[in-house]
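Spelled out from the first residue to the last, the chains are:
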Amino acid sequence: MWHNNKLVFTTFSSHHAQNSWANVEDLGWRKVKTGATDGVTNVYMMFNAAKGSGRRVNCFVDTSNEITIAYLL
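Attention in this report is confined to the structure presented alongside it. Small disclaimer: the values here were computed from a predicted structure and weren't measured.

### Considerations on the packing of aromatic side chains
Part 1 of the reasoning: Summed over the entire model, instances satisfying the criterion amount to two aromatic pairs.
Part 2 of the reasoning: Each ring, one from Trp-2 and one from Phe-60, has its centre 5.4 Å from the other, and the planes form 65°; the classification is edge-to-face. With Trp-2 in strand 1 (residues 2-6) and Phe-60 in strand 5 (residues 57-61), this pair connects stretches of sequence that are 58 residues apart.
Part 3 of the reasoning: For Phe-60, a relative accessible area of 25% gives the class partly exposed.
Part 4 of the reasoning: Joined through ring pairs, the aromatic side chains of Trp-2, Phe-60 and Tyr-71 make up one cluster.

This is how it looks when you write it as structure tokens:
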């Protein structure tokens, strides 16, 4: 399901492989879907850019409640 025009409140990652999270407006904490190392890193960095600049995002949350696609607005 798409969630459009949302703020990113906080982000989190750890030293574990592909462990990235974002706290998105109206969604709460959601994990960035694992499977592609560069993909997880890129989405995580995009969420950090949104948070740092106050820009909003569109993101797709799959049936496992993980973020699979995100766009910086």
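### What to know about the pattern of salt bridges
Part 1 of the reasoning: Per the stated rule, a full pass over the model turns up four salt bridges.
Part 2 of the reasoning: Between Glu-66 and Lys-33 there is a salt bridge, with its nearest N and O atoms 3.4 Å apart. Taken together, the residues Glu-66 in the loop between strand 5 and strand 6 (67-72) and Lys-33 in the loop between strand 4 (28-31) and helix 1 (37-53) connect sequence positions 33 residues apart.
Part 3 of the reasoning: Classification of Glu-66 by relative accessible area gives buried; the value is 18%.
Part 4 of the reasoning: Judged by relative accessible area, Lys-33 falls into the partly exposed class, the value being 34%.
Part 5 of the reasoning: Put simply, Lys-33, Asp-62 and Glu-66 are held in one network by salt bridges that share partners.

Cut-offs used in this document
Per chain, residues are indexed from 1 in the order of the written sequence. Thresholds applied to this predicted model are a pLDDT of at least 70 for local features of residues and 80 or more for the giving and counting of side-chain atom pairs; totals over whole chains, interfaces and linings are not thresholded and use all residues. With hydrogens and water stripped out, all remaining heavy atoms of the structure feed into the side-chain values. We call Phe, Tyr and Trp rings a pair once their centres come within 6.5 Å, taking the six-membered ring for Trp, and we label the pair stacked below 30 degrees between planes, edge-to-face above 60, and tilted otherwise. Helix and strand assignments follow DSSP, with helices taken as H or I runs no shorter than four residues and strands as E runs no shorter than two, numbered in order from the N terminus. Each residue gets one of three labels from its accessible area relative to the maximum for its type: buried under 20%, exposed over 50%, partly exposed in between, using a 1.4 Å probe on protein chains only. What makes a salt bridge here is a side-chain nitrogen of Lys or Arg within 4 Å of a carboxyl oxygen of Asp or Glu, nothing more.

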